[in-house]
Each structure stands twice: as C-alpha cells, then as structure tokens.
Amino acid sequence: MTTGLVLSGGGARAAYQVGVLKGVSEILPKQVYNPFPVICGTSAGAINALAIAGRSGHFRLRMRKLQTIWQNLKVEDVYRTDVGGVLKNSIKVALSLLHSGYSIGKPVALLDNSPLRVLLDSHVRFRHIDEAIASGELHAVSVTAMSYNTGQSITFFQGTHRLDPWTRFRRVGVREGLTIEHLMASSAIPFLFPAHKINSHYYGDGSLRQLKPLSSALHLGAKRIFVVGVSDNPRHKNPSMTAEHSPSIAQVMGHLFNTAFIDTIESDLETLRAINCAVKNHTDEEREKLGIGHLKYVDFVSISPSTPIDQIALKYLDELPRSIKFFLRALGATPKGGGASTASYLLFQKNFCNELISLGYRDALEQADEITDFFVGDRETLETQPEHP
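Residues numbered from 1 in each chain as written. Predicted model: local features only at pLDDT ≥ 70, side-chain atom pairs only at ≥ 80, totals over all residues. Heavy atoms only, no water.

Enquirer: I would appreciate a short explanation of helix H14 (residues 350-366) in the present structure.
Expert: Quick reminder: α-helices carry 3.6 residues per turn. Residues three or four places apart thus point the same way. Taking 1.5 Å per residue as the helical rise, H14 with its 17 residues ought to reach 24 Å, and the 24 Å between its terminal C-alpha atoms agrees with that figure. At its buried positions, H14 is contacted by helix H1 (15-27), helix H3 (59-71), strand S10 (299-303), helix H11 (309-314), helix H13 (340-346) and helix H15 (368-376). (Helix = DSSP H or I, 4+ residues; strand = E, 2+ residues; numbered from the N terminus. Expected span 1.5 Å × (residues − 1). Contact = heavy atoms within 4.5 Å.)

Following this line, the structure appears as structure tokens:
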C-alpha cells in the first residue's frame, strides 16, 4: 500500500515536523530509504517535503541533515531584518495603500524573504527528485500554492507517468518540474512575504484556500496517509472564556493565519474520520443504497503538538532581531497584548526551533506503537527499497 506524507504550512512552526519525522526515522528500521513514496507539502511544509525528497540516502540520514539545517537556523536566513530593509518594505506597503498603481508589477509585503532563496538553493537537490522517481523510490512529490489570479489552490507535482492532472472545485493538480520558484510561491505568507510569479500567474502561500489539504496525496496515489500538523491541539487545552482586553492587530492576524494553516487540515481530518466510520460500519450494498459507494477507507496517522506552540513562542520573543521585535510590538504581539501566534510563524531562531524539534520527537515516540502498527501494513514499501550505491 502506498503511503503518503502530508506536511502542512506554518512558518517557523514547521520545525515541529522535523522532530516528528526524526522520531519516525528512529522507530522504523535503519535501512529504510524512504517510507513515504508520496510526499506532499504546503508552505514551510513544502520546504521540508522537498528537502526530504531532494536528498539521497537512508531516511534516518536525511532527517539528520534536515534537523541540522533547522537547528542552526537564524531569522536572517529567511528574511531581511536590517532596519533599512524592514523600513523600506514598510514604506512600500504604505505607498501601495495611498496609490493603487504603485504595486502593479512589483509585489509588496512587510518583509523581504529573498534570503530564503539562497537557503533553499543550498539545501534542496531538485535533480535527485527525478532520480528517485526513476528508481521507484519515489512515486510523487507535490507543492501547493494559491493563485492570486484565479483564487484556486494549485498543486504542482512531479511523479510517475501514470499520474494524471486533476481539476476539482477550486483545486487543480498540475504536472510540472518543481523548482525553487514553486517553494518561494508556496511559502509566501500573505502580508508578510511578497507574492511570487510563476509563468503568468502570481502565487501566495499554499495554505490559503486549500480546502482539502489531504486530497493531493490521494490524487497522487496514496492509499494511506501520515499527517504532521502544527496546531496547538485544542483538545488538550482549557481556553479562558474571559477577555482581558480588546484584540490586538497581531492577535487578529494570528487567528487569520491559524485559519489558513491549521483549521483546514483539522477539518479535513474530521471529514476523513467520518468517511472511514461510514465505510467501516456499512456493507458495500448499504453504501451503494446510501449513495456513498464511491467512498474508500483511508488509514491514517495524525500527529500534532502536545504543548501549545503559542506558549513556547512567548519564551523566545526577545531573541528576535530588534527591528522585528519593534515591528511585532507595533502590532501588539507581546505577552500581554496577545498575538503570539503571529510571532510563532516568524520565529526562525534556533532555540525556538530546537524546542519544537524536541517536542515533535517526544510526541512521535509517545505514539511509537501506533506508528509501528501503521507501517506494519506497508511492508512492501519498507522491504522493497531500491538499491543505492
């Protein structure tokens, strides 16, 4: 059975995914090259996805290399933090508000993420993706972005010749050789990072309007899926019902980002659970009568943070560069003002990332039995790895 990996977006929160996958690599046999023939990523999850697919070697070794990248990450590796750069972009945004034609042909945003391109160029080996597909190690890999021109969620994919493009409601699958341009487009967080142009369309963060984040893996041939989210796992929280103050801009932005990056994948998982229940509890004949005969049971494992990431982010706000701290404080992203969610998406600092990696690693080991049982049903993938030099 083909297993698909689904990595959601979330900016710096995606460090958590690295910890989870590191745990998976240690739970599985050491000789496994790639337990995920289908790999789908969105936004920062797309960067992790291609960092895995775009490297050779055992899965455990790939995860060590990816962990090293995140462990040594600095904000300056992802976006400009110098006062001049931040001020320049703020002025551009202000001018675009005053003059409607100012931003035509030159996307504006609050931050300049051009350093990210240099980082990606150093660590993603796009050539290996073709080699992995040709060898049979990889069935397909995809990156999702949102077209500002059409409002559709576009999944760009590379895979075997048997895979066909698809068109659904606001969802399109396009076969195309993946490049840094697709990663830059998929990770262009609205307002924060500028839209990115591919061919004749401008694209933004893939989490925007991604109504069915699990569907790409299924379209690409996955029969079972492994999902790593970056939510604050609300089932383990006891939220206060008392509002101490009116919401700050950062707090409002945080909820908007959470809607894009978190809510859709949790909603899609809830739908999948309902479908699995319907398939499991009805015979084929009963499902045909109910008009759900086309539905299939999809086994899955979902792992999300056991500790609220917002709470972790609060501990590291002071480690951000002075210009970014000023920018966030102006929006109200302070311990008293709320808005830690917004800050958590921008906290590409090694101490914060290391704590998320450790959290993901612990959460994976706590679900070790479930993970082991899940992969026992996919012995074909684990035992028929292609030979590598």
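Enquirer: What exactly am I supposed to notice about the pattern of salt bridges here?
Expert: If the charged atoms of two oppositely charged side chains come close together, the side chains can form a pair. Inspection of every chain in the model, using the stated rule, returns ten salt bridges. Put simply, Arg 224 and Asp 299 hold a salt bridge, and the shortest N to O gap is 3.5 Å. Here the residue Arg 224 occupies a position in strand S9 (residues 224-228), and Asp 299 occupies one in strand S10, the gap between them amounting to 75 residues. The exposure class assigned to Arg 224 is buried, which follows from its relative accessible area of 3%. In this structure, Arg 287 and Asp 284 form a salt bridge, with 2.4 Å as the shortest nitrogen-oxygen distance. Here the residue Arg 287 and the residue Asp 284 both occupy positions in helix H10 (residues 284-290), the gap between them amounting to three residues, near one helical turn. Judged by its relative accessible area of 9%, Arg 287 falls in the buried class. (Salt bridge = Lys/Arg side-chain N within 4 Å of Asp/Glu carboxyl O. Buried < 20%, exposed > 50% of the residue type's maximum accessible area, 1.4 Å probe, protein only.)

Enquirer: Just checking my understanding: could you explain the pairing of strand S2 (residues 38-42) for this structure?
Expert: In regular strands, side chains alternate between the two faces of the sheet. Judged by how many residues are buried, S2 sits mostly within the fold: five of five residues are covered. The two faces of S2 match: Val 38, Cys 40 and Thr 42 on one face and Ile 39 and Gly 41 on the other face are all buried. Where strand S1 (residues 3-7) and S2 come together, four bridges link them in parallel fashion. Across the sheet, the residue bridging to Val 6 is Cys 40, located in S2. For the handedness criterion, the β-α-β arrangement of S1, H1 and S2 is classed as right-handed. Across five bridges, the pairing between S2 and strand S3 (residues 140-147) is parallel. By the bridge assignment, Ile 39 is partnered in S3 with Val 141. (Pairing = 2+ DSSP bridges. Right-handed = clockwise from strand over helix to strand, strands pointing away.)

Enquirer: What is the right way to read the nonpolar core from this model?
Expert: Ranked by internal contacts, the top residues of the largest apolar core, which has 85 residues, are Leu 50, Trp 70, Tyr 79 and Phe 226. Top contributing element to this core by residue count: helix H2 (residues 44-53), with eight residues. If near-sequence neighbours (up to four positions away) are discounted, Trp 70 is found in contact with Gly 11, Ala 12, Ala 14, Ala 15, Val 18, Asn 48, Phe 348, Lys 350, Cys 353 and Ile 357. Grouped together as the second largest cluster of nonpolar side chains are 18 residues, Val 6, Phe 157, Leu 214 and Val 227 included. (Core = buried A, V, L, I, M, F, W, Y, C linked by side-chain atoms within 4.5 Å.)

Enquirer: Would you mind showing me how to read the pairing of strand S4 (residues 153-159) here?
Expert: Burial analysis of S4 places seven of its seven residues in the buried class, which makes it a mostly covered element. Neither face of S4 is exposed, since Ser 153, Thr 155, Phe 157 and Gly 159 on one face and Ile 154, Phe 156 and Gln 158 on the opposite face are all buried. Pairing of S3 with S4, which is carried by seven bridges, proceeds in the antiparallel orientation. The partner of Ser 142 across the bridge, within S4, is Phe 157. The antiparallel pairing of S3 with S4 creates a hairpin that spans five residues between the two strands, and Gly 151 there sits at a positive phi of about 80°.

Enquirer: Just to check I follow, could you spell out the environment of Ile 47 for this structure?
Expert: Along the polypeptide, Ile 47 turns up in helix H2. Sequence separation between Ile 47 and Gly 9 is 38 residues, and the spatial gap between their C-alpha atoms is 9.3 Å. Aside from chain neighbours lying at most four places away, what touches Ile 47 is Leu 116, Leu 120, Leu 183 and Ser 187.

Enquirer: It is not clear to me how unusual backbone geometry should be interpreted in this structure. Could you clarify?
Expert: Peptide bonds are trans in most cases, and residues, glycine excluded, mostly fall at negative phi. Phi at Arg 170 takes a positive value of approximately 60°, unusual for a residue other than glycine. Here Arg 170 lies in the loop between strand S5 (166-168) and strand S6 (171-175). A relative accessible area of 30% means that Arg 170 is categorised as partly exposed. The phi dihedral of Phe 191 is positive, around 75°, even though this residue is not glycine.

Enquirer: I'm lost on the packing of H2 against H3 in this one. Help?
Expert: Two quantities define a packed helix pair, namely the angle between the helix axes and the distance between the axes. It is the contact of H2 with H3, at a shortest axis distance of 9 Å, that shows an interaxial angle of 135°. Our classification of the angle between H2 and H3 gives oblique. In this structure, H2 meets H3 at a crossing whose hand is right-handed. From H2, Asn 48, Ala 51, Ile 52 and Ala 53 reach across to H3, where they touch Phe 59, Arg 62, Met 63, Leu 66 and Trp 70. Here the contact of H2 with H3 is built from residues that sort into seven nonpolar, one polar and one charged. (Axes fitted to C-alpha atoms, helices over the stretch in contact; angles between N-to-C directions. Parallel < 35°, antiparallel > 145°, perpendicular 65-115°, else oblique. Left-handed = near helix turned anticlockwise from the far one by under 90°. Nonpolar A, V, L, I, M, F, W, Y, C, P; charged D, E, K, R; others polar.)

Enquirer: I'm lost on the packing of aromatic side chains in this one. Help?
Expert: For any two aromatic rings, the description comes down to two numbers: the centre-to-centre distance and the angle of the planes. All told, the structure shown has twelve aromatic pairs when counted by the stated rule. For the pair Tyr 79 and Phe 348, a centre-to-centre distance of 6.4 Å together with 75° between the ring planes defines the contact as edge-to-face. In this pair, Tyr 79 is assigned in the loop between H3 and helix H4 (83-98) and Phe 348 in the loop between H13 and H14, connecting sequence segments 269 residues apart. The burial state of Tyr 79 is the same as that of Phe 348; both residues are buried. For the pair Phe 374 and Phe 375, a centre-to-centre distance of 5.2 Å together with 90° between the ring planes defines the contact as edge-to-face. Neither Phe 374 nor Phe 375 differs from the other in exposure class; each is buried. An aromatic cluster of three or more residues is present, and its members are Phe 36, Phe 59, Phe 226, Phe 374 and Phe 375. The side chain of Arg 13 reaches across the aromatic face of Tyr 345, ending 4.9 Å from its centre. The ring of Tyr 361 carries Lys 22 above its face, with NZ or CZ at 4.5 Å from the centroid. (Phe/Tyr/Trp six-rings, centres within 6.5 Å; stacked < 30°, edge-to-face > 60°. Lys NZ or Arg CZ within 6 Å of the ring centre and 35° of its normal.)

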